[in-house]
Amino acid sequence: MFCEVSGHKGIDIGEMLEKCLSDWGLKDVFSVTLDNVSANKVAIDYLTTNIVSMKRAEERAKYLHVRCAAHVLALVVKDVIRVYNKSIARIRSVVKYIKGSPSRLAKLRHCENLVGIESKISLILDVKTRWNNTFLMLEAALVFERAFTRLERYDKEYQKLFYFPTKDNEKYFDIDVNVFFDATVAFSASTKVTTHTFLWQLVIIYEQLVEFRDNVDEDPFIATMAAKMYKKYNKYWGDYAKMNSITFFAMLLDPREKEKGLEFALDCLYGKKSPKVELVMRSVLLDFKILFEEYKDVYSVHEEESSTSMQGQAKSVVSKPGEGPSRMKELMSRSKRFKSNPDDDVGKTELDRYLIDKFEEGEGEDGDDDEFDLLGWWNTNSNKYKILGHMAKDILAIHVSSVASESAFSTGKRVLSPYDDVEVEEELLGPIKNNATTSATME
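Since this is a predicted model, take the numbers as computed values, not measurements.

A. Local environment of the overall build of the protein. Assigned secondary structure in the protein consists of 21 helices and two strands. Expressed as a percentage of the 443 residues in the protein, the buried residues total 40%. Carbon and sulfur atoms make up 53% of the accessible area of the protein, which amounts to about 27,200 Å² in all.

Shown next, in the form of structure tokens:
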């Protein structure tokens, strides 16, 4: 179920969010992922007040607003797109012209064969408002560069419309944005956990921008562009201490990373031995422990009931002579555990035990494993870490981007023009035509 918001003010959005949660029977919510618009902040403030009053979850309410990472990255990259806007508009016009007629597309295919292009890639017409879609259009157009040049001989109208003399001071689109495109894809994933990898993607983006920015001697133009992008990056992400701590918590909840992984990521972002690393680490761990205590209060009733039940069973066993382990055997067992791990359980909370337990190793090279089932690991270990299991269930379910849900309601690339690609006709009507021909032959 989805609802239409009558107004664009923050209060209108907040009231509709509250109504949706009520209609869907959701009595509690941990986070809402929204883009970076001021009205959304007002909506979140409205929702936060109501959640605190309903659930008394003051600590969780601090992390309610998760800003869409893909939208922030788009704001960083669009500065580059604007600089090359004229060149991109030309390529867009060429692609639109060729895809607008089956005969023009056939001529392009003929030119592909003449120049020896053997690629299964098709031309893509972008949606102007989506920079990553524009990237795909440019990437595909680059494959057909030689075919476009040859097409001038076979299509006079094309030659007349798309002759662009190159000026000496004109710049080609030669900045590599693959890193940013890959990050957008990673942020926008909808079928797997994205929260725990957000910081790694941020490190890759940061290091790529710094590399471009510092490469002044080799390419001063790209260095200037990267400096602008870096400034925009710092505006939204540069103060890591003010970021929503959910992304830090998610890395702590990755058994392959925990504190050391988070510290390494912050080292990459701040620089090694930066005093800010220690300050952020201390703040994040404190907030994580406070949130853990809040979860412990919520779920302590269930844990106490379970503990009471187990204690009752233990007492009944010990009270009967000759049955079950004796107190001495039990004590020796505890002694053995202590000697193998002196810090085991003594004055330690569940959170402490989790953080000092050994790291989970991936199966890939250098311990990395893209196929590591993080949710499966927590499902298996939720009995060992009961409270943290509940936290992982909430935090790892958060999406760092709203792109996937927005795409469900977007009409971009779904409206066909009267002269759209002949490939669409072949794909949709080809099987029908073949079946009709077969039926006629059989008759």
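B. Looking closely at the nonpolar core. Counting 98 residues, the largest nonpolar core has I98, F180, F187, Y233, W237, W378 and L388 as the members making the most contacts within it. Excluding residues within four positions of it along the chain, F187 makes contact with A69, A70, L73, T194, F198, Q201, I205, W237, V400 and S401. Listed in part, the seven residues of the second largest apolar core include V29, V32, I44 and L64.

C. View of the environment of K107. Looking at the secondary structure, you find K107 in helix α6 (residues 102–115). Take K107: its relative accessible area is 34%, and that puts it in the partly exposed class. Along the sequence, K107 and Y154 sit 47 residues apart, while their C-alpha atoms lie 7.3 Å from each other.

D. Broad picture of the packing of aromatic side chains. For the structure shown, the criterion picks out 23 aromatic pairs. Taking 6.3 Å as the distance between ring centres and 15° as the angle between the ring planes, the aromatic pair formed by Y230 and Y233 counts as stacked. With Y230 and Y233 both in helix α12 (residues 220–237), this residue pair falls three residues apart, about one helical turn. Both rings, one in Y233 and one in W237, keep their centres 5.8 Å apart while their planes meet at 70°; by these two values the pair is edge-to-face.

E. Representation of the pattern of salt bridges within the structure. In the structure shown here, the tally under the stated rule is eight salt bridges. The residue K41 makes a salt bridge to D45 at a minimum N-O spacing of 3.5 Å. Of this pair, K41 and D45 both sit in helix α2 (residues 38–55), separated by four residues, roughly a single helical turn. Of the charged contacts, one joins R282 and E278 as a salt bridge, the two residues approaching to 2.9 Å between their closest N and O atoms. Here E278 and R282 lie together in helix α15 (residues 275–318), a separation of four residues that amounts to about one turn.

F. Broad picture of the side chain of S31. Residue position: S31 is located in the loop between α1 (10–23) and β1 (32–34). The class for S31 is buried, based on a relative accessible area of 18%. If sequence neighbours within four positions are ignored, S31 has contacts with Y63, L64, V66 and I398.

G. Up close: α12. For α12, with 18 residues, the first-to-last C-alpha span of 25 Å sits near the 26 Å given by 1.5 Å per residue. The complete set of buried residues in α12 reads I222, A223, M225, A226, M229, Y230, K232, Y233 and W237. Along its buried surface, α12 packs onto α4 (69–83), α10 (178–187), α11 (198–213) and α14 (258–270).

H. Layout of unusual backbone geometry. We note that K258 has phi near 50°; this positive angle belongs to a residue other than glycine. Residue placement: K258 occurs in helix α14. Of the residues examined, K258 reaches a relative accessible area of 2% and is grouped as buried. The phi dihedral of K273 is positive, around 65°, even though this residue is not glycine.

I. Spotlight on the environment of K276. Mapping K276 onto the fold places it in helix α15. Along the primary structure K276 and L266 are separated by ten residues, whereas in three dimensions their C-alpha atoms are 8.7 Å apart.

J. A look at the packing of α11 against α14. It is the contact of α11 with α14, at a shortest axis distance of 9 Å, that shows an interaxial angle of 20°. Relative to α14, the element α11 lies roughly parallel. The crossing of α11 and α14 is left-handed. Together, L199, W200, L202, V203, Y206 and E207 of α11 and G261, L262, F264, A265, C268 and L269 of α14 make up the contact between the two elements. Looking at the contact of α11 with α14 residue by residue, the class counts come to ten nonpolar, one polar and one charged.

K. Structural detail: helix α7 (residues 131–143). Look at α7: 19 Å from first C-alpha to last across 13 residues, which is about the 18 Å you get at 1.5 Å a residue. Turning to α7, its buried residues number three or more, namely W131, N133, T134, F135, M137, L138, A140 and A141. In this structure, the buried residues of α7 make contact with α4, α5 (85–99), α8 (145–154) and α10.

Analysis parameters
Residues numbered from 1 in each chain as written. Predicted model: local features only at pLDDT ≥ 70, side-chain atom pairs only at ≥ 80, totals over all residues. Heavy atoms only, no water. Helix = DSSP H or I, 4+ residues; strand = E, 2+ residues; numbered from the N terminus. Buried < 20%, exposed > 50% of the residue type's maximum accessible area, 1.4 Å probe, protein only. Areas by Shrake-Rupley, 256 points an atom, 1.4 Å probe, with all protein chains shown as cover. Core = buried A, V, L, I, M, F, W, Y, C linked by side-chain atoms within 4.5 Å. Contact = heavy atoms within 4.5 Å. Phe/Tyr/Trp six-rings, centres within 6.5 Å; stacked < 30°, edge-to-face > 60°. Salt bridge = Lys/Arg side-chain N within 4 Å of Asp/Glu carboxyl O. Expected span 1.5 Å × (residues − 1). Axes fitted to C-alpha atoms, helices over the stretch in contact; angles between N-to-C directions. Parallel < 35°, antiparallel > 145°, perpendicular 65-115°, else oblique. Left-handed = near helix turned anticlockwise from the far one by under 90°. Nonpolar A, V, L, I, M, F, W, Y, C, P; charged D, E, K, R; others polar.

That is the geometry; function is a separate question.
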